[in-house]
Amino acid sequence: MNKKEVLEIRKQFTPANCAITRICGCYVDHEKNKQMETRDAFLSLPEEEAFKYFDIFKKTLSGGIGRNMLNMEFPLEQEMPGGTQEFLMKLKNSKLEDDMLLEEFYDKIIENYIYEGNYYIILIHAMYDIPGKASDNLEMYDSSDYVYEYLLCSICPVTLSKAGLSYNAEDNRMQDRIRDWIVEAPDKGFLFPAFNDRNTNLHGILYYTKKTQDLQPELIDQVLGAKSPMSADTQKEAFQLLIEDTLGEDGNYEIIRNIHDTLNDMIAEHKEEPEPLALDRTDMKKVFENSGVPAENMELFEQNYDAAAGEKSSLLAENIAETRKFNIETPDVVIKVNPDRADLVETRVIDGRQCLVIAVDDHIEVNGINVRTIRRPENSQEDE
């Protein structure tokens, strides 16, 4: 799924567009015991409660594609009888009215989800009547040829509110605040089946993770059974390893800066596209060549790429590039540079020592104090 497709589903989580038919939940304590289970028609919920659920569902479809939201596909064997995809299909087709299927689903999550505290499993069934589109790309809500039926699962930590004082309006006094168990934003979740080209993709699933470095492979493998792509953090590590293996001792500041600038330029050019910018081995080779990597270093590039990222894998540009920062670090000094002005810093050899030279055309500050870079001579001709 791309950004546009995710947004179309997110828009349903409002009172006016709500397509949710049923909501089920299971509250699990820190010892993996089921403390409470709920099953309701979603439209029967109080309005204030429904709004809180809408926020959770929107959060389960948030973040970056390829970072927090990962597109996955089912291996063929998981679509066979007894496979994970076949089980999810049964769950969807039951419209969450089969208690045995629900219990089995909860048990799978409880067994494989790693979390030390309490949490709340929320599962909804929805039927989205996809509006047609006119020639001018405007939606026609009175014209629909297809219904997208789906499940959305959100796994939310439940934490105890902080101790403190609160105002008691009835007694007009301050008192010890009652501590409540609060349902937090989702930590993990998924949308099944995927929504591609405004249609159902039974072979795909969209997985959500709040922390990009914590995918929980056991949960993906045992509950979803889908093929998991590299996490954003793993992609970045693979990219850094690829640079180090390719450049070796020839890695200098100018080449690294050029790679940074090249990737950021590509991301900027691709900004309006709904699909994230994916770079395969051929694309990445061009980035390195255009950034000034010597030809002799490129001789083993393909071998290095396969070792670092995998032969048939692609790296998402936004996962490997630093678009918001450009830091230069030594053991004693950290320099933070505007990512768009990395050209202000260059390397030079001065008095036999390697130095970083920073062009200063404007004022500078030291601990918030405006200072001069060069002190004026005390006895200048202008003062005479």
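Residues numbered from 1 in each chain as written. Predicted model: local features only at pLDDT ≥ 70, side-chain atom pairs only at ≥ 80, totals over all residues. Heavy atoms only, no water.

(A) Examining the packing of helix H6 (residues 232-247) against helix H10 (residues 301-308) more closely. Relative orientation of the contacting elements H6 and H10 amounts to 150 degrees, with a least axis distance of 9 Å. Viewed along their axes, H6 and H10 adopt a mutual orientation that is roughly antiparallel. Remark: the crossing between H6 and H10 carries right-handed chirality. Across the interface between the two elements, Ala238, Leu241, Leu242, Asp245 and Thr246 from H6 touch Phe301, Asn304, Tyr305 and Ala308 from H10. Taken together, the residues of the contact of H6 with H10 break down into six nonpolar, two polar and one charged. (Axes fitted to C-alpha atoms, helices over the stretch in contact; angles between N-to-C directions. Helix = DSSP H or I, 4+ residues; strand = E, 2+ residues; numbered from the N terminus. Parallel < 35°, antiparallel > 145°, perpendicular 65-115°, else oblique. Left-handed = near helix turned anticlockwise from the far one by under 90°. Contact = heavy atoms within 4.5 Å. Nonpolar A, V, L, I, M, F, W, Y, C, P; charged D, E, K, R; others polar.)

(B) Seen up close, H6. Over its 16 residues, H6 runs 23 Å from end to end, which matches the ideal 22 Å to within 8%, given 1.5 Å per residue. Along H6, the positions that sit buried rather than exposed are Ala232, Gln235, Ala238, Phe239, Leu242, Ile243, Thr246 and Leu247. Buried residues in H6, looked at end-on, bunch into an arc of 145 degrees, giving them a common side. Residues of H6 that are exposed and point more than 90 degrees away from the buried face comprise Glu237 and Glu244. On its buried face, H6 sits against helix H7 (253-269), helix H8 (281-290), helix H9 (295-298), H10, strand E16 (315-316) and helix H11 (317-320). Immediately beyond the C-terminal end of H6, within one or two residues, lies Gly248, with a positive phi of roughly 60 degrees. (Expected span 1.5 Å × (residues − 1). Buried < 20%, exposed > 50% of the residue type's maximum accessible area, 1.4 Å probe, protein only. Arc of directions from axis to C-beta.)

(C) Molecular detail of helix H5 (residues 217-224). Regarding H5, the residues found buried are Leu219, Ile220, Val223 and Leu224. For H5, the angular spread of buried residues about the axis comes to 100 degrees, placing them on one side. On its buried side, H5 packs onto strand E3 (69-73), helix H3 (84-93), helix H4 (99-112), strand E7 (146-160), strand E11 (188-192) and strand E14 (204-209). Residue Gly225 follows H5 closely and has a positive phi angle near 70 degrees.

(D) Main features of empty space enclosed by the protein. In total, this model carries one cavity of 30 Å³ or more according to the counting rule given. The wall of the largest cavity is formed by Ile109, Ile155, Gly189, Phe190, Tyr207, Leu219, Val223 and Leu224. For the lining of the largest cavity, the secondary-structure elements that each account for two or more residues are E11 and H5. Broken down by element, the residue count for the lining of the largest cavity peaks at three residues, all from H5. For the lining of the largest cavity, a count of residues per class yields seven nonpolar, one polar and no charged. (1 Å grid on protein atoms, 1.4 Å probe; cavity = no way out; pocket = protein on both sides within 12 Å on 5 of 7 lines; lining within 4 Å. Points joined across faces, edges and corners; volume = space filled by probe spheres on them.)

(E) Representation of unusual backbone geometry in the model. Each neighbour pair has its own omega, and for Phe192 with Pro193 the value is -10 degrees, a cis peptide bond. Turning to its location among the elements, Pro193 is positioned in the loop between E11 and strand E12 (194-196). Even without being a glycine, Asp351 presents a positive backbone phi close to 55 degrees. Here Asp351 lies in the loop between strand E19 (345-350) and strand E20 (353-358). Its identity as a non-glycine residue notwithstanding, Asn367 has a phi of 50 degrees, on the positive side. With respect to the secondary-structure elements, Asn367 resides in the loop between strand E21 (364-366) and strand E22 (369-371).

(F) Representation of the packing of aromatic side chains within the structure. Throughout the structure, instances matching the rule amount to 18 aromatic pairs. Here Phe105 and Phe190 contribute two aromatic rings whose centre-to-centre distance is 6.2 Å and whose plane-to-plane angle is 70 degrees, an arrangement assigned as edge-to-face. With Phe105 in helix H4 and Phe190 in strand E11, this pair connects stretches of sequence that are 85 residues apart. Accessibility expressed as a relative area gives 0% for Phe105, which makes it buried. (Phe/Tyr/Trp six-rings, centres within 6.5 Å; stacked < 30°, edge-to-face > 60°.)

(G) Looking closely at the pattern of salt bridges. All chains considered together, the criterion is met by 17 salt bridges. Where Arg173 meets Asp171, a salt bridge forms, and the shortest distance between an N and an O atom there is 4.0 Å. Residue Asp171 is classed as partly exposed on the basis of its relative accessible area, which comes to 46%. Among the salt bridges present, the one from Lys188 reaches Asp214, with a minimum N-O distance of 3.5 Å. Of this pair, Lys188 sits in strand E11 while Asp214 is found in the loop between E14 and H5, placing the two residues 26 residues apart along the sequence. Judged by relative accessible area, which is 0%, Lys188 ranks as buried. (Salt bridge = Lys/Arg side-chain N within 4 Å of Asp/Glu carboxyl O.)

(H) Looking closely at the pairing of strand E8 (residues 165-168). Here four bridges tie E8 to strand E9 (residues 173-176), and the two strands are oriented antiparallel to one another. Looking across to E9, one finds that Leu165 is bridged to Asp176. (Pairing = 2+ DSSP bridges.)

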